[in-house]
Amino acid sequence: MEINEPVRLHKVPADRLPRRISDLAALTRARAAAEDAELACVFVHEDLDSTDGDDYPAIHRRVQEALRAEVGSAHYVLAVEEMEAWLLLFPDALSNLVGSWKLPAKYRGKDTGRLADPKGVLMWELSKGGRRYRESDAPAVLERAVALALHRDPIGTNRSWTRFGTDIADCCRRHLQQPTKTR
């Protein structure tokens, strides 16, 4: 299930982080109860709003540890710069979604987490002469990447994308092999 609440955790001071996460966990648990669902795992997505750098692991670890302390099975999905950096890893999914979208060669095979404005690349360089990329296109691009099995072999690198894939594999391995309680 998806909860569309704004999440801003990486800039929260250490003394306020547990409360912010507790509030998020309460919202998540309430949603699971309303859906009569067992809460097996939580993924919390946030954009870092800066490029990948030496501080990324420490920022990720601080929030990840606080999430695990409150929720247990939780994964902090901190996309370096912004989620659009992930989309640049899948140029064929972009073109498949909108035929006129062509990712310039200078962005293929790059570390997209180090690009300063991936959303700008999508809006102004990918979309030249055709329909402009909009933030609302992101889910459709990722769905297309999965449907075309491109998500397993990205064109380029991105540390946060790799971590996200590892977290998904770890979570599925642990939760799908365990029996769930019957209600």
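In this report, we go over the structure that sits alongside the text.

Calculation criteria
Residues numbered from 1 in each chain as written. Predicted model: local features only at pLDDT ≥ 70, side-chain atom pairs only at ≥ 80, totals over all residues. Heavy atoms only, no water. 1 Å grid on protein atoms, 1.4 Å probe; cavity = no way out; pocket = protein on both sides within 12 Å on 5 of 7 lines; lining within 4 Å. Points joined across faces, edges and corners; volume = space filled by probe spheres on them. Helix = DSSP H or I, 4+ residues; strand = E, 2+ residues; numbered from the N terminus. Core = buried A, V, L, I, M, F, W, Y, C linked by side-chain atoms within 4.5 Å. Buried < 20%, exposed > 50% of the residue type's maximum accessible area, 1.4 Å probe, protein only. Contact = heavy atoms within 4.5 Å. Salt bridge = Lys/Arg side-chain N within 4 Å of Asp/Glu carboxyl O. Polar contact = N/O pair within 3.5 Å; in protein donor to acceptor, adjacent residues only side chain to side chain. Expected span 1.5 Å × (residues − 1). Arc of directions from axis to C-beta.

## Thoughts on empty space enclosed by the protein
- All told, the structure shown has one cavity of 30 Å³ or more when counted by the stated rule.
- Its boundaries defined by the atoms lining it, the largest cavity holds a volume of some 40 Å³.
- Along the walls of the largest cavity sit Ile 21, Leu 24, Ala 25, Thr 28, Val 42, Val 44, Leu 67 and Val 71, which together make up its complete lining.
- Looking at the lining of the largest cavity, the elements with two or more residues in it are α1 (17-34), β1 (42-47) and α2 (56-71).
- Looking at which element gives the most residues to the lining of the largest cavity, the answer is α1, with four residues.

## Details of the nonpolar core
- In this structure, Trp 86, Leu 87, Phe 90, Trp 101, Leu 122 and Trp 161 are the most contacted members of the largest nonpolar core, which totals 25 residues.
- If you tally residues by element for this core, the top one is helix α6 (residues 138-147), at four residues.
- Apart from residues no more than four positions distant in its own chain, Leu 122 is found in contact with Glu 84, Leu 87, Leu 88, Leu 94, Ser 127 and Tyr 133.

## Details of the pattern of salt bridges
- Enumeration over the complete set of coordinates arrives at 12 salt bridges.
- One salt bridge connects Glu 35 with Arg 31, and the closest N-O pair in it is separated by 3.2 Å.
- Arg 31 sits in the partly exposed class, given a relative accessible area of 31%.
- Taking the shortest distance from any N to any O, the salt bridge between Asp 111 and Arg 114 comes out at 3.5 Å.
- Judged by its relative accessible area of 26%, Asp 111 is partly exposed.
- Through salt bridges that share partners, Arg 8, Glu 46 and Asp 49 make up one connected network.

## Let's talk about helix α5 (residues 118-126)
- Among all positions of α5, only Pro 118, Lys 119, Gly 120, Val 121, Leu 122 and Leu 126 are buried.
- The inward-facing, buried residues of α5 abut α3 (84-87) and α4 (91-97).

## Some words on the side chain of Asp 137
- Along the polypeptide, Asp 137 turns up in the loop between α5 and α6.
- A polar contact is formed between the side chain of Asp 137 and the side chain of Arg 131, at a distance of 3.2 Å.
- When neighbours within four sequence positions are excluded, Asp 137 is seen to be in contact with Leu 97, Trp 101, Arg 131 and Arg 132.

## Quick notes on α1
- For α1, spanning 18 residues, the distance from its first C-alpha to its last is 26 Å, which sits close to the expected 26 Å at 1.5 Å a residue.
- Of all the residues in α1, the buried ones are Leu 17, Ile 21, Leu 24, Ala 25, Thr 28 and Ala 32. Here the buried residues of α1 occupy an arc of 100 degrees about the axis, which is enough to place them on one side. Opposite the buried face of α1, at more than 90 degrees from it, the exposed residues are Arg 19, Ala 33 and Ala 34.
- Following α1 by one or two positions, Asp 36 has its phi on the positive side, about 55 degrees.

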